[in-house]
Amino acid sequence: MRNYYRTIIINIFRIIFYVLKARIWIRHIDRHSEEERYALANEMVTKMNKSSGYKTIAYGQENLPREGGYMLYPNHQGKYDVLGIFNTHEKPLTFVMDEKRSHIILVNEFLELVQGKRLEMDNPRQTIRVFQEIAQELKDGRKYILFPEGGYKENNRNIVEQFKPGSFKLAQMSRTPIVPVALVDSYKVYNSDVCGPVTTYVYYMEPIPYEEYKDMKTQEIAQIVESRIKAKIAEHLESHRGEQN
């Protein structure tokens, strides 16, 4: 967590500026296109990363579907995960997060700016309603991030927890491609004892089209996506052996 507080201290005036600017934009959301709002969100990330010494290297952008909506399913390591994906994903996208965690200053503004969704984890009816809304948006071409692990553990050392099958209901409902995303060292930015510059990695893997998973149960889909992400992380760690803290 040391980098988390360090980033706030370094960027306190920048945070105030972007919170105020985002709130003005949110108040008149229809005046700004999705592309403009996504660019502002990424501007926040880029400037705070640069001032704090955080860098994200991405591979596999060529695997991302060129047209239509799709679901990104990454492993979950901490507060930086969404930011690392945003900063390496050219087209506008948004994300789903736990309602209880979503009202922190700047997080709230960031979520509202890209019109993300809040899930009440203890409210199945609300989850179904939100999933139905997202499924329609995916059919209309939007792109979403959903973390199938649910939460994350502090200082998780690139360990992937078991994926929750229910997360993949959303892909089935929308009939859109599933893009497995492997995050490496993302936990080091805000959810470890590391203090100072950090390099994280994002791997966009080959998408799984609806035709390939349509007859599978959600548990089978979860196992496939989880295993592919674990394999990619293991491959990365093996190739970068000696560089890990």
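Residues numbered from 1 in each chain as written. Predicted model: local features only at pLDDT ≥ 70, side-chain atom pairs only at ≥ 80, totals over all residues. Heavy atoms only, no water.

**So, the overall build of the chain**
Right, so step 1: The number of helices and strands found in the chain is 10 helices and 7 strands.
Right, so step 2: Computed over its C-alpha atoms, the radius of gyration of the chain comes to 17 Å, within 12% of the 18 Å expected for a compact globule of 245 residues.
Right, so step 3: Taken along its principal axes, the extent of the C-alpha atoms in the chain is 50 × 50 × 35 Å.
Right, so step 4: Within the chain, buried positions represent 52% of all 245 residues. (Helix = DSSP H or I, 4+ residues; strand = E, 2+ residues; numbered from the N terminus. Rg over C-alpha atoms; globule rule 2.2 N^0.38 Å. Buried < 20%, exposed > 50% of the residue type's maximum accessible area, 1.4 Å probe, protein only.)

**With respect to helix α3 (residues 34-52)**
Right, so step 1: Over its 19 residues, α3 runs 27 Å from end to end, which matches the ideal 27 Å to within 8%, given 1.5 Å per residue.
Right, so step 2: For α3, the set of buried residues is R37, Y38, L40, A41, N42, M44, V45, M48, N49 and S52.
Right, so step 3: G53 lies just past α3 and shows a positive phi near 85°. (Expected span 1.5 Å × (residues − 1).)

**Describing the sheet that holds strand β7 (residues 198-204)**
Right, so step 1: Across the sheet, which stays open at both edges, the 7 strands sit in the order β1-β7-β6-β2-β5-β3-β4 with mixed pairing between neighbours. With one partner strand each, in any of the chains shown, β1 (54-59) and β4 (117-119) form the two edges of the open sheet. When strand polarity is set aside, the average angle formed by the axes of neighbouring strands in this sheet is 25°.
Right, so step 2: Bridge analysis of β1 against β7 gives 6 bridges, and the strand direction is parallel. Each bridged residue has a counterpart across the sheet, and for Y59 the counterpart in β7 is Y203.
Right, so step 3: Across the face of the sheet, helix α10 (residues 218-239) comes into contact with β2 (70-74), β6 (178-184) and β7 while running at roughly 35° to β6. (Pairing = 2+ DSSP bridges. Axes fitted to C-alpha atoms, helices over the stretch in contact; angles between N-to-C directions. Contact = heavy atoms within 4.5 Å.)

**Let's talk about the pattern of salt bridges**
Right, so step 1: Evaluation of the coordinates by the stated rule reveals 13 salt bridges.
Right, so step 2: We note a salt bridge from E212 to R228, for which the minimum N-O separation is 3.8 Å. Highlighted residues: E212 in helix α9 (residues 210-213) and R228 in helix α10, separated in sequence by 16 residues.
Right, so step 3: Residue R241 is joined to E238 by a salt bridge in which the shortest nitrogen-to-oxygen separation is 2.6 Å.
Right, so step 4: A single salt-bridge network, built from bridges that share partners, covers E34, K117, R129, E133, E137 and R142. (Salt bridge = Lys/Arg side-chain N within 4 Å of Asp/Glu carboxyl O.)

**Thoughts on the environment of I178**
Right, so step 1: Structurally, the position occupied by I178 is in strand β6.
Right, so step 2: Take I178: its relative accessible area is 0%, and that puts it in the buried class.
Right, so step 3: Apart from the residues within four sequence positions on either side, I178 is in contact with M71, Y73, F168, A171, E206, P207, I208, Y213, I221 and V225.

**Quick word on the side chain of S174**
Right, so step 1: Note that S174 resides in helix α7 (residues 169-174).
Right, so step 2: Among the polar contacts made by the side chain of S174, one reaches the main-chain carbonyl oxygen of A171 at a distance of 3.3 Å. (Polar contact = N/O pair within 3.5 Å; in protein donor to acceptor, adjacent residues only side chain to side chain.)

**Re the environment of G84**
Right, so step 1: Topologically, G84 is positioned in helix α4 (residues 81-86).
Right, so step 2: We classify G84 as buried; its relative accessible area is 3%.
Right, so step 3: Taking the C-alpha atoms as reference, G84 lies 27 Å from Q219; in sequence the two are 135 residues apart.
Right, so step 4: Not counting residues within four places of it along the chain, the set of residues in contact with G84 comprises T56 and V202.

**Concerning the nonpolar core**
Right, so step 1: By size, the foremost hydrophobic cluster in this structure holds 39 residues, and its most contacted members are M44, L72, F86, F95 and F110.
Right, so step 2: Per element, the largest residue contribution to this core is 6 residues, and it comes from α3.
Right, so step 3: When sequence neighbours within four positions are dropped, the list of residues in contact with M44 reads Y18, A22, L106, F110 and L113.
Right, so step 4: Listed in part, the 30 residues of the second largest apolar core include Y73, V96, V130 and V225. (Core = buried A, V, L, I, M, F, W, Y, C linked by side-chain atoms within 4.5 Å.)

**Describing the pairing of β7**
Right, so step 1: Within β7, 6 of the 7 residues are buried, which leaves the element mostly enclosed by the surrounding structure.
Right, so step 2: Strand direction decides the pairing type here: β6 and β7, joined by 4 bridges, are antiparallel. Within β7, the position partnered with A182 by the bridge is Y203.

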